[in-house]
Amino acid sequence: MQNPTHILVIEDDTEIQTLLASLLQRNGWTASLASNGHEADAILARSCIDLILLDVMLPGEDGLSICSRLRSISTIPILILSAKGEDIDRVVGLELGADDYMSKPFNPRELEARIKAMLRRSRMAVKDSRMQAPVLYFGGKWQLDVRKRELCDNNGVQTHLTPAEFDLLRVFCERPGLTLTREQLIELTQGRNSGATERSIDILISRLRRKLESGEGSQKLIHTVRSGGYEFIAEVEEHRESA
Amino acid sequence: MKKALWFDFINSIAGQLLILLILATVLFLSGIYISIQAARDAPLAPPVMLFSERQIGIAEVLSLEDPGDYRAHLEELKKRHPKVTYKLHPKGESLGHDLVWAKGRHIVDKPLSAAPGAIAPAQLFREPRDRIREPGEPGFFGVSNPQEVSLVISRRVEKNETTDIARVTLFALMPSEEVLSASIEVRAGDPPNHLIENTLVFTVVCMLLLLFWAIVFLIRPLRKLASVTNNIAKEDVDPKKVDVTGPTELRAAASALNKMQERIHHLIDDRTRMLAAVGHDLRTPVTRLRLRADTVEPEEDRAAFLRDLNMMDGLLSRLMAYFSKRDLSDEPVRLELSSLVHSLACEWSDAGNPVEITELTNVTIRARPNDVMRMVDNLIDNAIKYAGSCELSLTKEGDFACLKVIDHGPGIPQEEKMLLQQPFARGDKARTMNGEPGFGLGLAIASKVAESHDATLDLLDTEGGGLKIVVRFPLSE
């Protein structure tokens, strides 16, 4: 195993700080605690941080401004924790460069799962630059905004996806033309030991197909490989060709 | 529709002012028309009248004198009034056949119809001289009161068609049965032809000016006031100050409205701030509890903890959803509604609730996805809570996307249906339910969301019992 993952928690409520720290330590991660922007800067300067949990309502500099400041100097994944819970905050946070967003009170298990997913993604990102593209175009008419977690067609009509459907589609879009087994899909979307079954992947695939392949002018995008798994057969581009 | 518009205009202040002005103008113009018509018919009347009066007076005074002195007095008169031609016609001289004689001052002014020879001096009515002047009484030019005498007189007016000049001759039958005639040329006044057009133009200009004044000083401030008041009625709109202009009464109303607006805005602002603070401050301890709950040991206790926490969280987010101020930058997008309904149905059925989709058509609407999701989620939540199961259908009906949320539960009595769309209202059944989260905001939030999307939300009965909620969104393109 490599050196333990180091997670920085920026949160002004000391009790939540300690509770988060113990939650992180239970998962075998190292936690550093900061209660404002200054302390966070000091910790970032002297240690190598893998991921940041960031509260929005902070004394002094607020979380959103810390987020945009950090994003301009580094690519450390940032997960925003906000008590505001308003949708508009979510959008603003993601637009400012946060990688994910959870509103308080959050389910600790979900937090663990998201942290794992983010860490996995950031490790893989080094190898595959395609993941950095904020918008992916595929299947002739679809565009997937990875930042805002939104799927639109070329008329700007938004199609709603559940978080699980989005994660699955993203995994497919990042690996077009590859046959992925159900186990691989579970691992890529939810991580190992998540308790997801192969059956749940099949259900998810059928739901995704309903949304992607039901409209007029839609083509088949997900191909079932007999006794293998699934293959995303659409062309994926990072930039729309001007045609 | 057209009739209503017309009625609206008549009913408005502008319309009524216009009617008033039109009536006033019609009255004014008809008065002017009548007087002008009169002046046109008899342009000669005033000068002829004046001349007649004077000459009758002279003749009456002269008649008191001795008939032998008439000529001498006439010479004197001619000297004094060089423009008037005086003549004394001897008895029996023909004066023309057109004269109609009348007693005293009752001159009949249609003399031209008399037949020739109809008037003979012998047949004339003759006022008896009942009074002889006393010697020493003042003579002709000294008499002050000729009213005691009444002569028989006649008048002839000869009009010249080409010029405005007419010759007026007044005849008076003297006691000596001689006839005194006095004639003069008079000029008719200019007929007032151009005047009526001028008056008309003047009146119309006045009317327009009045109307303009009314619009600028009365109606415009009133309209502004009305539109601002309307603005207050809408939700989530920044206050707009009314200009304090116009008549005094309107100024008072405008400043009162401004004060009221400010107060309402303050109240709403306070409410929003308070809720944000409450929301934030409550979420922090809930978050702590949520983190601690995971370490609670006996499994049942933890489950109970989590249930309570979830309930608190649900209440908090609903409260925030209902009362938080809409961010105006949150623009609606075009949304594939079926995908959203499908997502929610999947989430609810994944959580073990019997949610069934009976029909799902692809429809595109303009919507704020988060709001619509909250609304549909609330509707499904209600159905699950009160009926235990839920059927969803999404169809296209004309220009509308029609979403039906159907349950087979107890339903809602007709009289409670309106009430339930108000915040904090709950059906009787719901109030007695234990452990189910809800402030009675579910339907209120749904109605609010529907309203902000120009959608209609109807509460109907399911055949065979239960509630059927029908939401119709206008389709996008």
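In this text the structure is predicted, and so the values were computed from the model without any measurement.

Draft legend 1. Summary view of the packing of helix α6 (residues 248-293) of chain B against helix α7 (residues 299-323) of chain B. Residues and elements named next belong to chain B. The geometry of α6 relative to α7 is characterised by a closest axis approach of 10 Å and an angle of 165° between their N-to-C directions. On the basis of their axis angle, the class for α6 and α7 is roughly antiparallel. Crossing angle aside, the handedness with which α6 passes α7 is left-handed. Contacts between α6 and α7 involve Arg271, Leu275, Gly279, Leu282, Arg283, Val286, Leu289, Arg290 and Ala293 from the former and Arg302, Phe305, Leu306, Leu309, Met312, Asp313, Leu316, Leu319, Met320 and Phe323 from the latter. Its residues assigned to classes, the contact of α6 with α7 shows 13 nonpolar, one polar and five charged.

Draft legend 2. Seen up close, unusual backbone geometry. That bond from lysine 104 of chain A to proline 105 of chain A is cis: its omega, -5°, falls within 30 degrees of zero. Inspection of the secondary structure assignment puts proline 105 of chain A in the loop between β5 (100-103) and α5 (108-125). The backbone phi angle of serine 227 of chain A is positive, close to 50°, even though this residue is not glycine. On the secondary structure map, serine 227 of chain A appears in the loop between β11 (222-225) and β12 (229-232). For aspartate 454 of chain B, which is not a glycine, the phi torsion comes out positive at approximately 55°.

Draft legend 3. Representation of the sheet that holds β12 of chain A in the model. All names here are of chain A. Strand order across the open sheet formed by three strands is β10-β12-β11, with antiparallel pairing between neighbours. Strands at the two margins of the open sheet, each flanked by one partner only, are β10 (179-180) and β11. With two bridges joining them, β10 and β12 adopt antiparallel strand pairing. Across the sheet, leucine 180 pairs through a bridge with tyrosine 230, a residue of β12. On the sheet, helix α7 (residues 182-190) packs against β10 and β12 and is oriented at approximately 65° with respect to β12.

Draft legend 4. Highlighting the pairing of β11 of chain A. All names here are of chain A. Examined bridge by bridge, β11 and β12 share four bridges and lie antiparallel to one another. Opposite isoleucine 222, over in β12, you have phenylalanine 232 as the bridge partner. Between β11 and the antiparallel strand that follows it, β12, lie three residues; serine 227 among them carries a positive phi value of about 50°.

Draft legend 5. Seen up close, the nonpolar core. Ranked by internal contacts, the top residues of the largest apolar core, which has 67 residues, are Leu337, Val341, Ile380 and Val405 of chain B. Take this core: its biggest share by element is eight residues, from helix α9 (residues 369-387) of chain B. Here valine 405 of chain B is in contact with Leu379, Ile380, Ala383, Cys390, Leu392 and Ile469 of chain B, once residues within four sequence places are set aside. Counting residues in hydrophobic clusters, the runner-up holds 32 residues, among them Ile7, Val9, Leu24 and Leu94 of chain A.

Draft legend 6. Structural detail: the sheet that holds strand β6 (residues 333-336) of chain B. The strand order across the open sheet formed by seven strands is β13(A)-β6(A)-β7(A)-β8(A)-β9(A)-β6(B)-β8(B), and the pairing between neighbours is mixed. Looking at strand neighbours, the two that pair on one side only are β13 (236-237) of chain A together with β8 (364-367) of chain B, the edges of this open sheet. Examined bridge by bridge, β6 of chain B and β8 of chain B share four bridges and lie antiparallel to one another. Looking across to β8 of chain B, one finds that glutamate 336 of chain B is bridged to threonine 364 of chain B. Docked against the sheet, helix α6 (residues 163-174) of chain A engages β6 (135-138), β7 (142-145) and β13 of chain A, running at close to 110° with respect to β7 of chain A.

How each quantity is defined
Residues numbered from 1 in each chain as written. Chains lettered and ligands numbered in written order. Predicted model: local features only at pLDDT ≥ 70, side-chain atom pairs only at ≥ 80, totals over all residues. Axes fitted to C-alpha atoms, helices over the stretch in contact; angles between N-to-C directions. Helix = DSSP H or I, 4+ residues; strand = E, 2+ residues; numbered from the N terminus. Parallel < 35°, antiparallel > 145°, perpendicular 65-115°, else oblique. Left-handed = near helix turned anticlockwise from the far one by under 90°. Contact = placed C-beta atoms within 7 Å. Nonpolar A, V, L, I, M, F, W, Y, C, P; charged D, E, K, R; others polar. Pairing = 2+ DSSP bridges. Core = buried A, V, L, I, M, F, W, Y, C linked by C-beta atoms within 7 Å. Buried ≥ 20, exposed ≤ 12 C-beta atoms within 10 Å, placed from the backbone.

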